[in-house]
Amino acid sequence: MAVPIAVLDCDLLLYGRGHRTLDRFKLEDVTDEYLVSTYGFPRQFICYLVDLLGATLSRPTQRSRAISPETQILAALGFYTSGSFQTRMGDAIGISQASMSRCVANVTEALVERASQFIHFPKDEATVQTLKEGFYGLAGMPGVLGVVDCTHVAIKAPNAEDLSYVNRKGLHSLNCLMVCDSRGVLLSAETHWPGSLADCAVLEQAALTSQFETELHKDGWLLGDSSFLLRTWLMTPLHIPETPAEYRYNMAHSATHNVIERTFRTIRARFRCLDGSKGTLQYSPEKSSHIILACCVLHNISLQHGLDVWSAPATGHVEQSEEEYEQTESMDSEACRVRQELLLTHFS
């Protein structure tokens with residue numbers, strides 16, 4: 001006689017079917033210091049996320065009981081900020097490691113669904129002017145709508161199209177194209193590009209390029225380093241500056257563009273799952289891309305809540321740029337004219 005085999009759920013064994021939600025952990029039972037040290041964020045921020053994502057995370061499931069939105073968010077924040085599914089963290093909030101993994105997936109998708117709500121360029125003229133003034137105050141560079149660069153995040157080797165994710169260092173990664181403002185707020189984040197693509201190739205194919213070529217470049221430009229080609233809406237440094245005006249332009253460009261490098265460092269400092277110190281992201285490229293984007297959303301929300309990311313401590317592991325680009329001047333004569341006019345008007 002065949003004996004039926006049931007697949008047992010660890011949380012079901014621990015808590016039984018009588019519980020509709022798993023609520024062993026209560027925010028009011030712990031100190032603010034504990035929340036920040038364990039989950040990376042203060043109580044007010046976590047409560048905001050519960051309000052923001054609660055309805056989505058409470059969607060009906062096929063399970064007899066669901067994990068509460070509060071617990072799901074704590075589990076996800078614990079992973080994002082530590083980079084590991086630690087048994088002690090699951091024990092603290094009363095769920096198994098398998099359930100923690102499901103929580104991370106649920107919260108990640110809920111944040112990705114809201115990415116356009118928190119990561120976008122301003123539309124109204126007053127906010128655009130404030131954006132330009134913020135950059136001008138850094139080093140006197142006028143007309144800047146954002147600074148753009150790419151950063152690599154290591155992932156495990158995917159099962160398919162393996163070589164497309166191998167970067168110049170021979171590691172598997174995603175090449176993420178991002179734009180931020182003068183405070184480090186992300187205005188654009190494309191996190192899905194394969195690591196084998198050079199920065200200029202990523203930009204060539206990116207939605208960002210379509211945006212600026214059709215909508216946003218009429219009254220300003222982005223700043224990018226020499227891994228990108230000069231465009232009418234993307235100002236790059238001069239390869240070989242010769243005149244005092246050209247040196248002043250390059251110095252202002254470098255000082256202003258440095259904001260995106262600081263932003264990358266602080267995102268990695270806060271979200272240790274991205275910095276490589278605990279190993280690569282152990283997910284498919286698609287899921288890894290979503291985790292990176294979720295962290296970008298949380299980065300912007302944290303700035304909205306006044307959390308000072310610039311003061312976040314640096315980690316021991318610092319990601320280096322994969323790009324070893326050749327200095328190539330643009331053949332776009334209109335773009336060269338725009339840059340030359342900028343030099344003559346503001347740096348001569």
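Everything numeric in this text was worked out from a predicted model, so none of it was measured. (Residues numbered from 1 in each chain as written. Predicted model: local features only at pLDDT ≥ 70, side-chain atom pairs only at ≥ 80, totals over all residues. Heavy atoms only, no water.)

J.: In this structure, what is going on with the overall build of the chain? I would like to understand it.
T.: Summing up its helical and strand segments, the chain has 13 helices and 7 strands in all. In the form shown here, the chain has an accessible surface area of approximately 17000 Å², with 53% of it arising from carbon and sulfur atoms. (Helix = DSSP H or I, 4+ residues; strand = E, 2+ residues; numbered from the N terminus. Areas by Shrake-Rupley, 256 points an atom, 1.4 Å probe, with all protein chains shown as cover.)

J.: Looking at this structure, I do not really get the packing of helix α3 (residues 43-57) against helix α6 (residues 97-113). What am I missing?
T.: A pair of packed helices can be characterised by two numbers: the angle between their axes and the separation between those axes. Where α3 contacts α6, the axes come no closer than 10 Å and their chain directions differ by 110°. Comparing their axes, α6 and α3 come out roughly perpendicular. Crossing of α3 over α6 shows right-handed handedness. Packed against α3, whose contacting residues are Leu 53, Thr 56 and Leu 57, the element α6 presents Asn 106, Val 107, Ala 110, Leu 111 and Glu 113 at the interface. Tallied by class, residues from the contact of α3 with α6 come to 5 nonpolar, 2 polar and 1 charged. (Axes fitted to C-alpha atoms, helices over the stretch in contact; angles between N-to-C directions. Parallel < 35°, antiparallel > 145°, perpendicular 65-115°, else oblique. Left-handed = near helix turned anticlockwise from the far one by under 90°. Contact = heavy atoms within 4.5 Å. Nonpolar A, V, L, I, M, F, W, Y, C, P; charged D, E, K, R; others polar.)

J.: What's the story with the side chain of Asn 300 in this structure? I'm lost.
T.: Residue placement: Asn 300 occurs in helix α12 (residues 285-304). Among the polar contacts made by the side chain of Asn 300, one reaches the main-chain carbonyl oxygen of Phe 118 at a distance of 2.8 Å. Filtering out sequence-adjacent residues up to four positions away, Asn 300 remains in contact with Phe 118, Ile 119, Val 185 and Leu 186. (Polar contact = N/O pair within 3.5 Å; in protein donor to acceptor, adjacent residues only side chain to side chain.)

J.: Can you walk me through the pattern of salt bridges in this structure?
T.: Side chains that differ in charge, positive against negative, can pair when their charged atoms come close. Inspection of every chain in the model, using the stated rule, returns 7 salt bridges. Glu 113 serves as the salt-bridge partner of Arg 114, at 3.8 Å between the closest nitrogen and oxygen. Residue classification places Arg 114 among the buried residues on the basis of a relative accessible area of 14%. In this structure Glu 113 comes out as partly exposed when scored by relative accessible area, which is 48%. Among the salt bridges present, the one from Arg 337 reaches Glu 334, with a minimum N-O distance of 2.7 Å. Placement of the pair is Arg 337 and Glu 334 together in helix α13 (residues 333-346), with a separation of 3 residues, close to one helical turn. Of the residues examined, Arg 337 reaches a relative accessible area of 41% and is grouped as partly exposed. On the accessibility criterion, Glu 334 (37% relative accessible area) is partly exposed. In the salt-bridge network here, residues are joined through shared partners; they are Glu 204, Glu 213 and Arg 231. (Salt bridge = Lys/Arg side-chain N within 4 Å of Asp/Glu carboxyl O. Buried < 20%, exposed > 50% of the residue type's maximum accessible area, 1.4 Å probe, protein only.)

J.: Looking at this structure, how should I read the sheet that holds strand β7 (residues 234-235)?
T.: Taken in spatial order, the 5 strands make up an open sheet running β5-β4-β3-β6-β7, and their pairing is mixed. Where the open sheet ends on each side, the last strands, each with one partner, are β5 (186-194) and β7. Sheet topology places strand β3 (residues 144-154) next to strand β6 (residues 221-223); 3 bridges connect them, and they run parallel. From the neighbouring strand, Val 147 faces β6, where its bridge partner is Leu 223. Strands in contact with helix α8 (residues 125-139) are β3, β4 (173-180) and β5; relative to β3, the strand with the most contacts, it is inclined by about 75°. Against the sheet, helix α11 (residues 244-270) engages β3, β4, β5, β6 and β7, with an angle of about 45° to β3. (Pairing = 2+ DSSP bridges.)

J.: Is there a simple way to think about α6 in this case?
T.: One turn of the α-helix equals 3.6 residues, which is why residues spaced by three or four share an orientation. Relative to the 24 Å expected for 17 residues at 1.5 Å per residue, α6 spans 25 Å between its end C-alpha atoms, a close match to the ideal helical length. Residues of α6 that are buried include every one of Ser 99, Met 100, Cys 103, Val 104, Val 107, Thr 108, Ala 110, Leu 111 and Val 112, and no others. (Expected span 1.5 Å × (residues − 1).)

J.: Explanation requested: helix α4 (residues 69-82) in the structure shown.
T.: Taking 1.5 Å as the rise per residue, α4 with 14 residues should run 20 Å; its terminal C-alpha atoms sit 20 Å apart, in good agreement. Burial runs high along α4: 14 of the 14 residues are buried. Residue Gly 83 follows α4 closely and has a positive phi angle near 85°.

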